[in-house]
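Commentary on secondary and tertiary structure
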Amino acid sequence: QKEVEQDPGPLSVPEGAIVSLNCTYSNSAFQYFMWYRQYSRKGPELLMYTYSSGNKEDGRFTAQVDKSSKYISLFIRDSQPSDSATYLCAMTSPGSGNTGKLIFGQGTTLQVKP
Amino acid sequence: DAGITQSPRYKITETGRQVTLMCHQTWSHSYMFWYRQDLGHGLRLIYYSAAADITDKGEVPDGYVVSRSKTENFPLTLESATRSQTSVYFCASSAEGGYTFGSGTRLTVV
């Protein structure tokens, strides 16, 4: 069993839809949680970064962490075709703080259709 | 320009050859990482470095060698390339708030 599980999709939604992307993890010691967006043939770019349980909002994006359930989510409101990309969740290994090595989910491919 | 750069962007090499992928960052971040990305596996950590002259293995280190004599450079060497090492390789550096990735090197071993 992988430490971080993420449904690879693909997920296809119409423009304007609310998108929910999710990851589960098995290691309760994970401390920092991140979401990366990766466009085709590009490197991943950091989208959201959270620490501890709760919600964090940035524009159309909301990251949610539920440590009790070992579950994290990324919500995208009013999705746009430009949001079409692969979204990877990531979290730090125990003791690494937020600068040490990350464990990534497999990534979910999202397509937003005009 | 500030940032993290990888070279080459594309590389085709033959089985058994040695090949080195370069990574350079301009921020003086302590931590640097090498990942490979393959369909069905996502990003897997090959090697990482906490500082100059300090390196450690990640999840899939076999067949790879790294060095870090200077903080800004973190080259990855495939000592004797195999077809299973065909992949996209990403270098990253980290500071408070997450990683910054390079644009990747697409390596094909024939």
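Residues numbered from 1 in each chain as written. Chains lettered and ligands numbered in written order. Predicted model: local features only at pLDDT ≥ 70, side-chain atom pairs only at ≥ 80, totals over all residues. Heavy atoms only, no water.

Each side of the interface is counted separately: chain B has 23 residues, and chain A has 18 residues. Viewed at the interface, chain A and chain B are joined by zero salt bridges. Here chain B is connected to chain A by four residue pairs in polar contact (both at pLDDT 80 or more). Looking at the side of chain B that touches chain A, the elements that each hand over two or more residues are β4 (31-38), β5 (42-51), β9 (87-95) and β10 (98-101) of chain B. Looking at the side of chain B that touches chain A residue by residue, the class counts come to 11 nonpolar, nine polar and three charged. (Contact = heavy atoms within 4.5 Å. Salt bridge = Lys/Arg side-chain N within 4 Å of Asp/Glu carboxyl O. Polar contact = N/O pair within 3.5 Å; in protein donor to acceptor, adjacent residues only side chain to side chain. Helix = DSSP H or I, 4+ residues; strand = E, 2+ residues; numbered from the N terminus. Nonpolar A, V, L, I, M, F, W, Y, C, P; charged D, E, K, R; others polar.)

Applying the stated criterion across every chain, the model contains six salt bridges over all chains. Taking the shortest distance from any N to any O, the salt bridge between glutamate 57 of chain A and arginine 77 of chain A comes out at 3.4 Å. Of this pair, glutamate 57 of chain A sits in strand β6 (residues 54-58) while arginine 77 of chain A is found in the loop between β8 (71-76) and β9 (85-92), placing the two residues 20 residues apart along the sequence. Among the charged side chains, a network of salt bridges with common partners joins Arg36, Asp38 and Arg44 of chain B.

Moving on: the packing of aromatic side chains. Scanning the entire structure with this criterion turns up 18 aromatic pairs over all chains. Ring plane angle 45 degrees and centroid distance 5.3 Å describe the contact between tyrosine 25 of chain A and phenylalanine 33 of chain A, whose orientation is recorded as tilted. Grouping residues by exposure puts tyrosine 25 of chain A and phenylalanine 33 of chain A together as buried. Consider the rings of tyrosine 35 of chain B and tyrosine 99 of chain B, whose centres lie 6.2 Å apart with planes at 55 degrees: the pair is tilted. Residue tyrosine 35 of chain B is found in strand β4, and its partner tyrosine 99 of chain B is found in strand β10; the two are separated by 64 residues along the sequence. Tyrosine 99 of chain B matches tyrosine 35 of chain B in its accessibility class, with the two residues each being buried. In this structure an aromatic cluster arises from ring pairing among Tyr36 and Phe104 of chain A together with Tyr31, Phe33, Tyr35, Tyr48, Phe90, Tyr99 and Phe101 of chain B. Above the face of the tyrosine 51 of chain A ring, lysine 67 of chain A is positioned so that its terminal group lies 5.3 Å from the ring centre. (Phe/Tyr/Trp six-rings, centres within 6.5 Å; stacked < 30°, edge-to-face > 60°. Buried < 20%, exposed > 50% of the residue type's maximum accessible area, 1.4 Å probe, protein only. Lys NZ or Arg CZ within 6 Å of the ring centre and 35° of its normal.)

Turning next to the sheet that holds strand β7 (residues 64-66) of chain B. Residue and element names in this part refer to chain B. Ordered in space as β1-β3-β8-β7, the four strands form an open sheet in which the pairing is antiparallel. This sheet does not close on itself; its edge strands, each paired only once, are β1 (4-7) and β7. Between one strand and the next, the sheet's axes are offset by a mean angle of 15 degrees, whatever the strand orientation. Pairing geometry for β1 and strand β3 (residues 19-25), over four bridges, is antiparallel. Considered in β3, the bridge of isoleucine 4 is made with glutamine 25. (Pairing = 2+ DSSP bridges. Axes fitted to C-alpha atoms, helices over the stretch in contact; angles between N-to-C directions.)

This part is about the pairing of β4 of chain B. Residues and elements named next belong to chain B. Within β4, seven of the eight residues are buried, which leaves it mostly tucked inside the rest of the structure. Relative to β5, β4 runs antiparallel, the two sharing seven bridges. In the sheet register, tyrosine 35 faces β5, and the bridge partner there is leucine 45. Between β4 and β5, which follow one another and run antiparallel, lie three residues, and glycine 40 among them has a positive phi close to 85 degrees.

A word on a positive patch on the surface. Positive charge collects at one region of the surface, where Arg41 and Lys42 of chain A together with Arg9 and Arg106 of chain B lie side by side. Checked against the element boundaries, lysine 42 of chain A lands in the loop between β4 (32-38) and β5 (45-51). (Patch = residues over 30% accessible without salt bridge, like charges linked within 9 Å, V, L, I, M, F, W, Y side chains within 5 Å. Areas by Shrake-Rupley, 256 points an atom, 1.4 Å probe, with all protein chains shown as cover. Lys, Arg positive; Asp, Glu negative; His and termini not counted. Charge placed at Lys NZ, Arg CZ, Asp CG, Glu CD.)

Attention now moves to unusual backbone geometry. Of note, the amide linkage connecting glycine 9 of chain A to proline 10 of chain A takes the cis form, showing an omega dihedral of 10 degrees. Along the chain, the position of proline 10 of chain A falls in the loop between β1 (4-6) and β2 (11-14). Look at the link from serine 7 of chain B to proline 8 of chain B: it is a cis peptide, with omega at -5 degrees. Here proline 8 of chain B shows up in the loop between β1 and β2 (10-13). In this structure, lysine 70 of chain A is a non-glycine residue whose phi angle is positive, near 55 degrees.

What follows deals with the side chain of serine 73 of chain A. All names here are of chain A. Relative to the helices and strands, serine 73 is located in strand β8. On the basis of relative accessibility, which here comes to 2%, the residue serine 73 falls in the buried class. Looking at serine 73, its side chain comes within polar contact range of the side chain of asparagine 22, at 2.9 Å. Apart from the residues within four sequence positions on either side, serine 73 is in contact with Leu21, Asn22, Trp35, Thr62, Ala63 and Gln64.

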